[in-house]
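Analysis of the macromolecular model
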Amino acid sequence: MPELPEVEALTRDLASRLEGRAIAKIHIAAFSALKTFDPPLSAVEGTFVEGVTRHGKFLDISTGGLHVILHLARAGWVRWRDEVPQLPPKPSNKSPMAARIVLDDDSGLDITEAGTKKSLALYVARSPQDIEGIARLGPDPMADDFTIDVLRQILHDAGRAQIKGVLRHQGTIAGIGNAYSDELLHAARLSPFKPASSLDETELDVLYAAIRGVLGDAVARADGVAMSELKGEKKSNLAVHGKTGKACPVCADVVREVSFADSSLQYCATCQTGGKPLADRRTSKFLK
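What comes next concerns the included structure. (Residues numbered from 1 in each chain as written. Predicted model: local features only at pLDDT ≥ 70, side-chain atom pairs only at ≥ 80, totals over all residues. Heavy atoms only, no water.)

1. Overview of the pairing of strand β4 (residues 66–71)
Counting buried residues along β4, six of its six residues qualify, which places the element largely inside the surrounding structure. Of the two faces of β4, both are covered, the one formed by Leu66, Val68 and Leu70 as well as the one formed by His67, Ile69 and His71. Between strand β3 (residues 58–63) and β4, which pair antiparallel and follow one another directly, the connecting turn spans two residues, one of which, Gly64, has a positive phi of 60°. Sheet topology places β4 next to strand β8 (residues 121–125); five bridges connect them, and they run antiparallel. (Buried < 20%, exposed > 50% of the residue type's maximum accessible area, 1.4 Å probe, protein only. Helix = DSSP H or I, 4+ residues; strand = E, 2+ residues; numbered from the N terminus. Pairing = 2+ DSSP bridges.)

2. With respect to helix α6 (residues 201–222)
Between the first and last C-alpha of α6 there are 31 Å, a value that for 22 residues agrees with the 32 Å anticipated at 1.5 Å per step. Buried positions along α6 lie against α1 (4–18), α3 (148–158), α4 (163–168), α5 (178–188) and α7 (230–236). Two or three places before Thr202, at the start of α6, stands the capping residue Asp200, its side-chain oxygen 3.1 Å from that residue's backbone nitrogen. (Expected span 1.5 Å × (residues − 1). Contact = heavy atoms within 4.5 Å. Polar contact = N/O pair within 3.5 Å; in protein donor to acceptor, adjacent residues only side chain to side chain.)

3. A word on the sheet that holds strand β6 (residues 97–103)
One open sheet holds the four strands; their spatial order is β1-β6-β7-β5, and the pairing between them is antiparallel. Each of the sheet's edge strands pairs with one partner strand only, and the pair in question is β1 (23–28) and β5 (76–81). Between one strand axis and the next, the sheet turns through 15° on average, direction left out of account. When β1 meets β6, the two strands line up antiparallel, connected through five bridges. What sits directly across from Ile23, in β6, is Leu103. Sheet contacts for α1: β5, β6 and β7 (108–113); angle to β5, the most-contacted strand, approximately 25°. (Axes fitted to C-alpha atoms, helices over the stretch in contact; angles between N-to-C directions.)

4. What to know about the packing of α3 against α6
When two helices pack together, their arrangement is given by the angle between their axes and by how far apart the axes lie. It is at 10 Å that the axes of α3 and α6 come closest, and there the two elements cross at 115°. Crossing of α3 against α6: the hand is right-handed. On α6, the residues touching Ile148, Leu151, Arg152 and Leu155 of α3 are Glu201, Leu204, Asp205, Leu207, Tyr208 and Ile211. (Left-handed = near helix turned anticlockwise from the far one by under 90°.)

5. A closer look at the environment of Ala247
Relative to the helices and strands, Ala247 resides in the loop between α7 and β9 (255–259). Once the C-alpha coordinates of Ala247 and Gly171 are considered, the two residues, 76 residues apart in sequence, prove to be 33 Å apart. For Ala247, the residues in contact, after removing those within four places along its chain, are Ala252, Asp253 and Val255.

6. Let's talk about the side chain of Asp60
Note on placement: Asp60 falls in strand β3. For Asp60, which is buried and forms no salt bridge, the nearest opposite charge comes from Arg54, at a distance of 11 Å. A distance of 2.9 Å separates the side chain of Asp60 from the side chain of His67, its partner in a polar contact. If near-sequence neighbours (up to four positions away) are discounted, Asp60 is found in contact with Gly51, Val52, Thr53, His55, His67, Val68, Ile69 and Pro128. (Lys, Arg positive; Asp, Glu negative; His and termini not counted. Salt bridge = Lys/Arg side-chain N within 4 Å of Asp/Glu carboxyl O.)

7. Let's talk about the side chain of Arg21
As for its position among the elements, Arg21 is in the loop between α1 and β1. Polar side-chain contacts of Arg21 include one of 3.1 Å to the side chain of Ser107. Residues in contact with Arg21, not counting those within four places in the same chain, are Thr47, Phe48, Val49, Trp80, Leu103, Asp104, Asp105 and Ser107.

8. Considering the pattern of salt bridges
Following the criterion strictly, the structure yields 18 salt bridges and no others. When the shortest N-O distance is used, the salt bridge between Asp149 and Arg152 registers 2.5 Å. Here Arg152 and Asp149 lie together in helix α3, a separation of three residues that amounts to about one turn. Overall, Asp149 belongs to the partly exposed group, its relative accessible area being 49%. The residue Arg221 makes a salt bridge to Glu233 at a minimum N-O spacing of 3.0 Å. Note that Arg221 is positioned in helix α6 and Glu233 in helix α7, a separation of 12 residues in sequence. What emerges from the salt-bridge pattern is a single network uniting Glu8, Arg12, Arg54, Asp140 and Asp223.

9. Comments concerning the packing of α5 against α6
For the pair α5 and α6, interaxial distance at closest approach is 9 Å and the crossing angle is 130°. Relative to α6, the element α5 is oriented oblique. For the element pair α5 and α6, the recorded crossing hand is right-handed. Contact residues: α5 offers Tyr180, Glu183, Leu184, Ala187 and Ala188, while α6 offers Val206, Leu207, Ala210, Ile211, Val214, Leu215 and Ala218. Residue classes in the contact of α5 with α6 are distributed as 11 nonpolar, no polar and one charged. (Parallel < 35°, antiparallel > 145°, perpendicular 65-115°, else oblique. Nonpolar A, V, L, I, M, F, W, Y, C, P; charged D, E, K, R; others polar.)

Okay, here's the thing in structure tokens:
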């Protein structure tokens, strides 16, 4: 799933390609992707792109006083085409195509979604705040006003909730997903199941530094990377997420996994849990 660093990189890349250009047409290939009807898609045709910004994991193309907003969900992506085909994409359950944005010189963007579970969303709105998912976002962890005091209050308000879930809940902190929550907790040497409100001041300081450092470094690495290479860049620089069975880059212990119904987390027992493995949830029990 694209998370804050990748969406930020896409935002910067698209801004350089789209600003000042006119949108000629938006074709919808997967009708489930279009989540709004007012304003209609036709309202942005012929308008000039004013800017591209990010709200958490949402991409926002402002054009003609309106906003074309994308949420790439778990398996969505954006691909630049120097020249798009003359014929619009055809709706097909077998095709990953969700939508195509055609520009005034016949270049454009293919918006795709792999897999059978279709969650990608495209909106046309008068304001980003008209989109429920954006309106309820928590603070952006890379913003200047995301201070350690803000994080302290977030963790206090979360109470005994597990810190892994707190970090990836978009209404609490915007932009961090499953992968980077694993990475932040590994960098901060915290168990993913540690209650949020139980962190002491030293742990709070370390977690805050990890959030700013790990995400900041990922944004810097991704800046300027081609769209087609962003996924590979992310994967190659992860320490524990998706690395089950491999050696932890810090201590060389094996990276372990806990699986849930539709996701999993990875962690290092030596670095994060005092050497005690966490039982896989599929076994319905914990090792103490």
